[in-house]
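Given next are the chains, with one letter for each unit.
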Amino acid sequence: MSANELWGGRFAKGPAEIMERINASIDFDRRLYAQDIMGSIAHSSMLMAQNIISKADGEKIQEGLQTILREIEAGNFKTDPALEDIHMHVEARLREIIGDAAGRLHTARSRNDQVATDFRLWVRDTIDHLDSELDDLQKALLDQAAAEADTVMPGFTHLQAAQPVTFGHHMLAYVEMFGRDRSRLADARSRMNESPLGSAALAGTSFPIDREMTAKELGFDRPTANSLDGVSDRDFALEFLSFASICSMHLSRLAEEIVIWSSAQFRFVECSDSFSTGSSIMPQKKNPDAAELVRGKAGRSAGAFTSLLMMMKGLPMTYGKDMQEDKEPVFDAVDNLQLCLAAMSGMIRDITVNGDIMTAASGAGFTTATDLADWLVRELDMPFRDAHHVTGSLVKLAETENCGLEDLTLAQMHSVEERITEEIYSVLGVENSVASRVSYGGTSPVRVREQIALWRSKLADKGN
């Protein structure tokens, strides 16, 4: 069957070859085959229940659709660009299998609501898969956080050493980020879980269909309330791509830190051989290529979001062929995000943490200066701004003496503030510093272990 026959009697001639090429989407929208067949089975069940088609025709249709599903999954399904998309391919093949009864499947349905339904189903299935991938990454981060809850490392602002923190605390920061990503996914899934099926081309249908029935059978919460919006809405895809952009950005930030930490200048961590490559000319090199590619691919998710947003922004109601361009950006973003999540989970699980090097670096750059200022406030009742000034003077003195704050003698400290006592040294070690950060959300190992336990419990509950 040609595309001309499916379009109907309006067209006397077939399309130009170049028109076939620009019009065809089968090369990418064939991914929707399972959702298309699922939607058609639900639609045919409803048509039978409403006595719009006979039970005999409906059963033939469903048996034929199941045959097509098996053919596609076995790799035995042939495609033809002249048939444009997966929807027309399925319909044409159905007619080959069961004959004229196949023509009844499209009763009370348009490709507009069919495509919108298939795409929602596909994005919804993808959301569920990605949520599982994020769960795996969070668990990998939690395992590292538990193993390194006491490992001290420099915390940075402006990529300058700021205050000592623990590596476990640092890992938990990303657990929080990916937790918010999962929350965004859940919100997006809830909002998109409405069925456009039954909106038909744009105005609904005169047939006595039961949209509640098809919505329920396809796992939607309800049918869409407005047929115009039902066929033209792509908010669900945009919201998904917004999530993908933010999640990819979080992955990129973590990847960037792995790149920095694994450099010869830092040596905080070492990536496993499984996620590294060498150099074609420099035999000493071990490059964190997996992390660099995760960082690089983040731009594709952001680009996909921008692409779809720009495509949609100028469209009047309801459907325009422009909207065929909605799927490729989403498919590309999903492919890359799934790959990046799997790679990052593997990297985090396999990474070797060089705790001694991290701890040694933690004291550089006067990272306990804030602890000193806090001590002046607590013990000497000094206003913080005055304590800040005194501490700055002591840092300058230590720079002059080419030593750390903890290496200054009490006499040297008295040259700046005579009320300082020997107790000051109790806060100048990096281990003492992190142990003192016991405020909620702080880096103290006690707080880190509490947060690990809370997150493990939260993820266990989410999995039930």
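So, how was this worked out
Residues numbered from 1 in each chain as written. Predicted model: local features only at pLDDT ≥ 70, side-chain atom pairs only at ≥ 80, totals over all residues. Heavy atoms only, no water. Phe/Tyr/Trp six-rings, centres within 6.5 Å; stacked < 30°, edge-to-face > 60°. Buried < 20%, exposed > 50% of the residue type's maximum accessible area, 1.4 Å probe, protein only. Lys NZ or Arg CZ within 6 Å of the ring centre and 35° of its normal. Helix = DSSP H or I, 4+ residues; strand = E, 2+ residues; numbered from the N terminus. Expected span 1.5 Å × (residues − 1). Arc of directions from axis to C-beta. Contact = heavy atoms within 4.5 Å. Pairing = 2+ DSSP bridges.

Visitor: Give a description of the packing of aromatic side chains that names residues and reports values.
Guide: Under the definition given, this model contains eight aromatic pairs. Note on Phe266 and Phe268: the rings are 5.1 Å apart at their centroids and 80° apart in plane angle, and the pair reads as edge-to-face. Relative accessible area serves as the criterion here: at 25%, Phe266 is assigned to the partly exposed category. Grouped by ring-pair contacts, the aromatic residues Phe119, Trp122, Phe236 and Phe331 constitute a single cluster. When the ring centre of Phe119 is taken as origin, the NZ or CZ atom of Lys327, which lies over that ring, is 5.4 Å away. Looking at Lys458, its charged tip hangs above the ring of Trp455, at a distance of 3.9 Å from the centre.

Visitor: Describe helix 5 (residues 55–73), and please don't skip the residues or the numbers.
Guide: Taking 1.5 Å per residue as the helical rise, helix 5 with its 19 residues ought to reach 27 Å, and the 27 Å between its terminal C-alpha atoms agrees with that figure. Among the residues of helix 5, those classed as buried are Asp57, Gly58, Ile61, Gly64, Leu65, Ile68, Leu69, Glu71 and Ile72. The arc that holds the buried residues of helix 5, viewed along the axis, is 160°, so those residues lie on one side. Among the exposed residues of helix 5, those pointing more than 90 degrees away from its buried face are Lys55, Glu63, Arg70 and Glu73. On the buried face of helix 5, the contacting elements are helix 4 (33–49) and helix 6 (86–98). The first or second residue beyond helix 5 is Gly75, which carries a positive phi of 80°.

Visitor: An account of the pairing of strand 1 (residues 152–157) is requested, with residue identities and associated values reported.
Guide: As defined by bridge partners, strand 1 adjoins strand 2 (residues 160–166) across six bridges and the pair is classed as antiparallel. Counterpart to Met153 in the pairing with strand 2 is Val165. With antiparallel pairing between neighbouring strands as the criterion, strand 1 and strand 2 make up a hairpin whose turn holds two residues, including His158 at a positive phi of roughly 55°.

Everything listed is a geometric property; what it means functionally is a separate question.
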